[in-house]
Amino acid sequence: MDEDMEDSSAAQAFFRPASEQTLLPETDVTVTVSTAGGGGTFLNISEALAVHTQGTVRIIMSAGTYEEVGLELRDGIQIVAAEGCVPATDGAVVLTSRKDRPVVKSSAKGAIIRNLQVEHRGPFGSMACVVVEAGDLALEDCLITGSVSVGVLICGTATPTIDHCQVLRCCGDGIKVVDSAEPLVRGCELRSNDGFGIFCTGASAGVYRQNSISANSNAGVASRGTCSALFEDNKLFNGKQGGFWMEENSRCRVMNNDIYQNQKSGIQVGGHADPLVRGNIVRDGLKGGIVVHDHATGQFVQNEIMRNTMAGVGGTDYACPIFHSNIVKDGKGGGIVLHEHCKGVFEKNQVIGNTHAGIGLKGSSNALFDGNYVSDGSGYGVWVQERSFSTLQNNVIERNMRAGVVVTDSANPTLALNIIRDGKHAGLLIRHTATGRFRQNTVSHNAHGNVVLLEQVSSELVANIISHGPLGGIIIRGTSKVIVRGNTICHNDGANIAVLDNSDPICDGNCLTNGAGRGLVIMDNAKGTYRFNMIRDSELAGVYVGRQASPEMVANCVCDGKAAGILFEDEATGRFTHNIVCSNQNEGVAVHGRAHPTLECNVVLQGVHGGIWLDENAGGHFRGNVVEDSGVQGNAYRVGARAANEWRLAERNTNTAPAALAEVLSEWAEEKMRSPGGNNKVILVQNPDSSSAEGGVAMATQCSELMGLDPSRSCMLVARFLGDAGQFEDAEDLIKLTKSFFGESGPIHLEPAMRGQQWGDMSLHCAELLNKWAAASPEYSRDLMQRAADYAREAATVFASIQPQTLSTLDNFVS
């Protein structure tokens, strides 16, 4: 079927029969016009108007082609086709011109043209087929086509009505409205024009309703100047460029239109335009849905934007729009994407099922996203990148295939009070050199970690709730230096917080609870400062420090775990001060491998399997710690090879305290041991700095409840070490103090045989000590030999009184 046949078939369906048209106003005169031999009163319209110069005239046109040049209408003129004559058919009434002038020109009031086909076949660049300079001409059920320029030009203060007309294949725009004109264009078809379908500029306004605008070479509708037209219930489709294009200072209202399958953006807003765009469907475009750029603003409310090839909504340059309560879904290039310096407010939008990102923020964009719902995307929920520093608050972001929110490059956003959940990847992913503030968000049930920080980020996470992450709560990697403060991090698998690589965070005042794995993991070469955190109810270690990590932990509480409170492995170090470690099912503190931490002034309580456990190869410094009520037998110290580790325990705690504190700490230790319940405490005695003037004071520096031994055994253990180290005087002073603890009958809580054994062991050890001392002296002192002999005699007397079956060896005592 060729084009003419298509037009004929479409015309039969498009143009209304007379029964559906409004009645024409009565006129003073009715005349007929027909071609030669047709029986009409006149052969053309010009003749009829030349005769009837006064009053209202109805001119009824018979089928045929009439050439008119610049036909000017006056008030009250009606030009109508005879009954049965339909444009674009063989029975059409055709007005045509080949001159560089309009076919019809009107400034009239009350003029009507109905059911005519108007064609301009003149030279290229002619003004228009129909020009309306003023008045209220009504064009009804007409076909306007073939122009070498514009189809209908409306200018001045004209207020014409173009009703149910077709404007097709014009060389320029279909309808052009300029100056202050305010037309009513309704029920028309504007198709296949080489310019815009409708072009409004100047201070024009008007109403454009229920039109079909398609296949035009430029945008279906363009508005410029200060145009303030209303476009309502139109269909704009299959355009070779976009649907609506608004720029300069236009203030149009675009409402309830269906805009689809255009080659470029469904709606494009530029310049300083400020439209109201409400209730439209913008769909299936080959590029974007709605694009706002330059310095444009505008309000975009309750639109449905879907299945566009590029972003459903795009903002760039310095645009600052408001998007409220829109649905942006199934976009193949993203949901809402902002570039450059775009600002704006995006509230209560539903952004669903988009690829790449539901919301993408690039450049230096700085928009506010408040109360949006972003879900089910095949890419990211929100992607903040480059230098963007937008604010996102009160949004729900869920079920996206990639990260719920990803922040990359040097972006610096603020996220507050959002819910980020049920993602198939990370919940919040921050990487590169991004910063940003993340406050009071709820992040949960994300498959690859709730919060993941990589590379060199330096963000702030404050007062968030982070829970139920299958691969962890917060994971910090790279060389990140983040601040994690006041968060509740709970019910995560893996670890509530994992600090890896060379990261160096500050974690203050967080609550890490009910972790299905470990509470806090610090590994690799990670550092960081951890203060005032509550770490409790972990299935594995409350705090795990591994490899070569070296954190600083101050004033944390690690409690109620089902494994160790703090676990060191590998070559971990770090400084741990003023922490409370209590009620953990395994050891309060376990030091494995070659770990070498420093623990000072911590309280370790109620570890079911011990207070502090050190492997044979482990090291470290332990000063001023209090370890009580630990171990199933009341022991504070649990080891695999007891003798060797108790020996190392003393070794690790020598020569570490300032000599000036030696006397004070010695008095405190003695008082502590003599206090009620003192026999349940272990006083680990450290030798003072031997180079100081106060050297030789046996009781110095530390009270550590590490082994669960009674005071006599604890002091004997340290005395043995001091003797082997050549500090004989300190060792003897410590043994004398030991004797004062339990007297000749031994410690009150031991059976008589055991008390006697300990007394004998102590005496034998003291004899051994004095012999070594004498051998090491420049002169073999008679006094030392005498005292050694006295101790040996005392030991022999004690052991002779003990029955063989209860006799234990010295090795058993020490080990």
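Residues numbered from 1 in each chain as written. Predicted model: local features only at pLDDT ≥ 70, side-chain atom pairs only at ≥ 80, totals over all residues. Heavy atoms only, no water.

A. Highlighting the overall build of the chain. Helix and strand content of the chain: nine helices and 75 strands. Of all 815 residues assigned to the chain, the portion counted as buried reaches 56%. The long-range share in the chain, meaning contacts at least 24 apart out of those at least 6 apart in sequence, stands at 48%. In the form shown here, the chain has an accessible surface area of approximately 30,700 Å², with 49% of it arising from carbon and sulfur atoms. (Helix = DSSP H or I, 4+ residues; strand = E, 2+ residues; numbered from the N terminus. Buried < 20%, exposed > 50% of the residue type's maximum accessible area, 1.4 Å probe, protein only. Contact = heavy atoms within 4.5 Å. Areas by Shrake-Rupley, 256 points an atom, 1.4 Å probe, with all protein chains shown as cover.)

B. Structural view of the packing of aromatic side chains. Going through the model one piece at a time under the given rule, you end up with 11 aromatic pairs. A centroid spacing of 5.0 Å and a plane angle of 45° characterise the contact between Phe 196 and Phe 199, whose relative ring orientation is tilted. Side by side, Phe 196 and Phe 199 carry an identical accessibility label, which is buried. Ring centres of Phe 196 and Trp 245 lie 6.1 Å apart, and the angle between their planes is 55°; on these two criteria the pair is classed as tilted. Taken as a pair, Phe 196 in the loop between strand E18 (189-191) and strand E19 (198-200) and Trp 245 in strand E25 (residues 244-246) lie far apart in primary sequence, 49 residues in all. Judged by its relative accessible area of 22%, Trp 245 falls in the partly exposed class. Of the aromatic side chains, those joined through ring pairs into one cluster are Phe 300, Phe 323, Phe 346 and Phe 369. Over the aromatic face of Tyr 260 sits the side chain of Arg 283, whose NZ or CZ is 4.0 Å from the ring centroid. (Phe/Tyr/Trp six-rings, centres within 6.5 Å; stacked < 30°, edge-to-face > 60°. Lys NZ or Arg CZ within 6 Å of the ring centre and 35° of its normal.)

C. Just the pairing of strand E2 (residues 57-61), in detail. Among the five residues in E2, four count as buried, and that is most of the element. Two elements, strand E1 (residues 29-33) and E2, share five bridges in a ladder whose sense is parallel. Counted as the bridge partner of Val 31 is Ile 59 from E2. Once the chain exits E1 it traverses helix H2 (residues 45-51) before rejoining the sheet at E2, and the crossover so formed is right-handed. Sheet topology note: the E2/strand E5 (residues 77-81) ladder contains five bridges and is parallel. Bridge pairing in E5 links Met 61 to Ala 81. (Pairing = 2+ DSSP bridges. Right-handed = clockwise from strand over helix to strand, strands pointing away.)

D. Spotlight on unusual backbone geometry. The backbone of Arg 399 sits at a positive phi, close to 60°, despite the residue not being glycine. Relative to the helices and strands, Arg 399 resides in the loop between strand E45 (396-398) and strand E46 (405-407). Even without being glycine, Ser 583 reaches a positive phi, approximately 60°. Along the chain, the position of Ser 583 falls in the loop between strand E69 (580-582) and strand E70 (589-591).

E. Structural detail: the environment of Glu 26. Among the secondary structure elements, Glu 26 is positioned in the loop between helix H1 (3-14) and E1. As for Glu 26 and Gly 76, which are separated by 50 residues in sequence, their C-alpha atoms are 9.8 Å apart. Those residues in contact with Glu 26, other than ones at most four positions away along the chain, are Thr 56 and Arg 58.

F. Just the pattern of salt bridges, in detail. Going through the model one piece at a time under the given rule, you end up with 27 salt bridges. A salt bridge links Arg 114 to Glu 140, with the shortest nitrogen-to-oxygen separation between them at 2.5 Å. Of this pair, Arg 114 sits in strand E8 (residues 112-114) while Glu 140 sits in strand E11 (residues 138-140), and the two are 26 residues apart along the sequence. For Glu 140, a relative accessible area of 10% translates into the label buried. In this structure, Arg 399 engages Glu 398 in a salt bridge whose closest nitrogen and oxygen atoms are separated by 3.0 Å. (Salt bridge = Lys/Arg side-chain N within 4 Å of Asp/Glu carboxyl O.)

G. A look at the state of the cysteines. Applying the stated criterion across every chain yields a total of zero disulfides. Cysteine Cys 582 shares no disulfide, and the gap to the nearest cysteine sulfur, in Cys 559, comes to 4.7 Å. Since its relative accessible area comes to 16%, Cys 582 is described here as buried. (Disulfide = S-S within 2.5 Å.)

H. Geometry of the pairing of strand E61 (residues 518-522). Of all five residues in E61, four are buried, a share of seventy percent or more. Two strands pair when backbone bridges link them, and strand E58 (residues 495-499) and E61 are joined in this way by four bridges, in the parallel orientation. Opposite Ile 497, over in E61, you have Leu 520 as the bridge partner. Sheet analysis places E61 next to strand E64 (residues 543-545), joined by three bridges and oriented parallel. Counted as the bridge partner of Leu 520 is Val 543 from E64.

Remember that the coordinates give geometry; whether it matters functionally is a separate question.
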